[in-house]
Structures are given as structure tokens and as C-alpha cells.
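Residue-level structural notes
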Amino acid sequence: MPFDIAAIVLAAGAGTRMRSKRPKVLHSLAGRTLLEHALRATQAIEPDALVTVVGHGREAVGAEVDRIGARLGTPIDVAVQDQQLGTGHAVSCGVAAFGDRVPGTIVVTSADVPLLDGATLATLVDTHVGGGAAVTVLTFTPPDPTGYGRIVRDDAGLVTRIVEHADATTEQREIGEVNSGIYAFDGRVLVDALAQLRTDNAQGELYLTDVIELARAAGRYVLASPVSDPTVVLGVNDRIQLAAAGAALNTRLLHLHMSGGVTIVDPASTRVDMDVRIDPDVTLLPGVQLHGTTVVAEGATIGPDTTLTDVEVGAGARVIRTHGEGAVIGPDATVGPFAYLRPGTRLGDAGKIGTFVETKNARIGAHSKVPHLTYVGDATVGEYSNIGASSVFVNYDGVEKNHTVIGSHVRTGSDNMFVAPVRVGDGAYTGAGTVVRADVPPGALSITTGDQRVIEGWVLRKRSGTPSADAAEAALTRVDAAPARPQEHNDNGRRPSTQDGEQ
């Protein structure tokens, strides 16, 4: 049974100008590989068959093809180009994957054109099928056409040939309209023409562009489908072009979000990946980066200077100068500034993770607060609890990670150590400086006791001649000269120790 339409995506190039061990098509833009951008674009034409031609790094590229196919829910065949003999040879490898079935229309595109969108491909196919052409070429007019194949037209405006830059005459190099490398072919015309390609050109390769002249020689005509925005067909061959494509794609994405009701205060310093979802009335302040599958609900404010990857932010939440990954932030919660949310963090409604707080695999209940200078790892905190400053959830015993459970309406003092596994019951309190090694029952107070020792004169005896000793001596002189005051007592009602023993 013949296919009505098929697509071939070329992804076999070595990409040597990337200067990378990674195949070029596996470099990423906005959270997707170049290859994924290209394969997703083909879905707009609903191909009956989709083939990716691989070569350099075929195992890694093939694995990415499988991953993308699973995400899209569509089968994607892989054809191998063992030798790099030109675009005509690469397409021949792709056509061979169809077997004896020749598609009515074959669309050929490239994996290194990541900004190509489905709408542009759909227009190309409509132009091709509607015009009854043998070949339709997607063309554009760049500011500088150097390096591109020139589109040569006849007096009627039909395309007669495409001349590669290396083979072009001086006159032909003055032509501004160039080839994007993206085509729609009549399937039978393409199959017949591929068998006639020759290598008598400057590169000694099989040029796919020669199909144009062969189609014309067979009495068929060739159309062009120009695009008005050159960035749509911006190719990526090196890191400079990768950055340029990334900037253009980011601008496109930010415009879409702003048109949908998102306030982006400084687009120049804001980056958003393709799979990020942002609801209306969200505000992104300067320096925000949203990656992966991050979701930001209505009315939330992110930033400034915040990077979130695969994070879910609830409605009305505020996330300030924070780095987060794999976390969930509840509605109306507050995070930051200078917080680090590691994977597994779950902050409840109206909760707070404050300044210089790090969390990992931690569930913090609604209205509970971890205000500052604290590490919460492998822990569950109930609702309406407060964790004192400078606390550490001691979760690792050198072999295993252990869990701490803090109940609801708990008040823990500053500088606490929770040595897991341990539980603190609902409504319990802990004192400042407490090391919690055993479970604390509900409503109990846990403290670590020990009398404070004061060893008078220690600095003068042991650090004589230092600035500290000089300052102490001066202060003691002032105290001796001052009127007598009532004797001070320590917290136990006893006079401070005057023993000479050292700590």
C-alpha cells in the first residue's frame, strides 16, 4: 500500500565544526535536541512514514530517535548512511527504507534546522501538492547569501536549478534567494532522479539539488515556497550558530508567553524552555531561567535571579533568587532569597523556605516555615511548624540516608541537630542548641543541658600580648574603676565560676 506522504530527516553529518564529541544533532536548544526539534516539526504534515538518516554517532543518535518516537507516540524508522557521499546519497538511504512502496509526496528536511516549525512545512506541502510540482523548494533571502546554494529562476518565475556556492559563477553569486535544504518531492520523480545523480561537481558528491535539473529535463516544473523570516530556516553548524538559533528561539517563546498574559520584565535576561508552561498573570523578573517541564501557576512571581528545572510552582507563590530542581512549591508559598531546592522537595500551601536554606527529599507541610540557615534532608515536617535558624537534619550515617519526622505545630529552637531516624511529636518544643537523638513525645520540651562555664582571666594568661588581651585588659580596667554593681548570677542562680581550669 503506497504512502500518501512521507518525511525524511537527515541527521548523518559529522558536525566537525561543533568541536564536540557529541553528535551535532544531539546538542540542545530550549530543552530539546536539534533532532527533536526537527522530528517534531514533521508532525504537522502527519506523515504516513518518517525516516531519520543517521551516520556519525549512529548509536547515540539512534537511541535519541527511539526516545523521541516514544514521546511523540509515533514510529520513526532509522536508515544508516555508512559513507558521507552527499545529500543525494543520504536521501537515497532514506528512500530505501520505504522498500517497494513509493510515497506520493516525500518531504526532506534536516536535523540541524531547529527553528523550522510545522506551519512552514505544512505550507510547503500545500504549495507543492496544490501546484502539482515535481519539486518544491523552501527558499529564503538571508542578509549574506555566502555559502548557500542559489535559486536560479526562468522568466516565468519557475525554478530551473540550484547552484551550490562553490560551483556558482560570479553572476549567480549575486542572486539573493537561496536554498534552505528543505524540499517536497513527487515520490516517483525523486526515486527516478536519485538513480541518475553524478559526482561531477566541485565537491565530488551526489547533490540532491541536481534533482531539480533532472525534473526539468523530464518536462516537469519546480516551484519555490519562500519564507519571510530567515530565522525559521537558520542552520546550525557551529557553536556560534547554535547560540544564535537559541536566542532566536527564546525570543519566539517569550513573545508567545507575553501574548498569553505573562509579564516578562526583562526579556533579554530571561530564558524559557519549550516544555515550560506558564499561566496568565505570572510575573517573571530579570534573570529568570525556566527549564525542563517547569510549570508556573497563575499569579506567581518568579525572580529575580532564579533558575528552576522541572519545578511546579503553585498559584500566587513567590520564588526569589532560588535554584530549584524536581521540586513542588505550593500555592501562596514563599521561597528564598538564596534557597536551594533539590529533587524531592515538596513545600505545602503558604509554606516558607527562606534565606540560605537547602532542602532535599523533604516534605514541608502547609503554613510551616524553615526561615533561614538550615538544611532539611530526608524529612517530613507537618503543618504550622517552625524550624529554628541554623538547624541541620542529620540524615546520613555514613552508610544510609535516614528519615526525620517533625509533627504539626512544632516549634524548634535555633541551632538544632535532628539525628535521624528520629521523630518530634505534634505540638512539641525544642530548646536552642538541642541535639535531638531520641524521639520527642507530643507536647514535650526537648533540651540539651549543661552548665555554662566562665574561666575568668584566661585570655590574659594564655594569649598575652594579643589584641584580644589588650582589649580585655582595658575593659577590665574600666570595670575596676566603675562604681560597684550588684553581683550577677548565672541562669541557675549561682555566682559565675572563678575556677582557673581550662576548657
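For the structure given in this document, a descriptive report is provided here. (Residues numbered from 1 in each chain as written. Predicted model: local features only at pLDDT ≥ 70, side-chain atom pairs only at ≥ 80, totals over all residues. Heavy atoms only, no water.)

Points about the layout of surface pockets
A volume near 1,500 Å³ is recorded for the largest pocket. Of all the secondary structure elements, the ones that give two or more residues to the lining of the largest pocket are β1 (5–11), α3 (87–96) and β10 (178–186). The element contributing the most residues to the lining of the largest pocket is β10, with 4 residues. Tallied by class, the residues present in the lining of the largest pocket amount to 16 nonpolar, 20 polar and 5 charged. (1 Å grid on protein atoms, 1.4 Å probe; cavity = no way out; pocket = protein on both sides within 12 Å on 5 of 7 lines; lining within 4 Å. Points joined across faces, edges and corners; volume = space filled by probe spheres on them. Helix = DSSP H or I, 4+ residues; strand = E, 2+ residues; numbered from the N terminus. Nonpolar A, V, L, I, M, F, W, Y, C, P; charged D, E, K, R; others polar.)

Notes on the environment of A428
Tracing the backbone shows A428 in the loop between β32 (422–424) and β33 (429–430). With 14 residues separating them in the primary sequence, A428 and P442 have C-alpha atoms 5.2 Å apart. What A428 contacts, discounting residues up to four positions off in sequence, is H409, V410, R411, V440, P441, G443 and A444. (Contact = heavy atoms within 4.5 Å.)

Let's talk about the side chain of R32
With respect to the helices, strands and loops of the structure, R32 is situated in strand β3 (residues 32–33). A residue is classified by how much of its surface remains accessible, and R32, at 10% relative accessible area, is buried. One polar contact links R32 to D275, side chain to side chain, over a distance of 2.5 Å. Setting aside chain neighbours within four positions, we find R32 in contact with H27, H37, R40, M274 and D275. (Buried < 20%, exposed > 50% of the residue type's maximum accessible area, 1.4 Å probe, protein only. Polar contact = N/O pair within 3.5 Å; in protein donor to acceptor, adjacent residues only side chain to side chain.)

Let's talk about a nonpolar patch on the surface
Residues F338, F356 and L373 make up a contiguous nonpolar surface patch of about 330 Å² in total accessible area. Residue placement: F338 occurs in the loop between β24 (334–335) and β25 (339–341). (Patch = residues over 30% accessible without salt bridge, like charges linked within 9 Å, V, L, I, M, F, W, Y side chains within 5 Å. Areas by Shrake-Rupley, 256 points an atom, 1.4 Å probe, with all protein chains shown as cover. Salt bridge = Lys/Arg side-chain N within 4 Å of Asp/Glu carboxyl O.)

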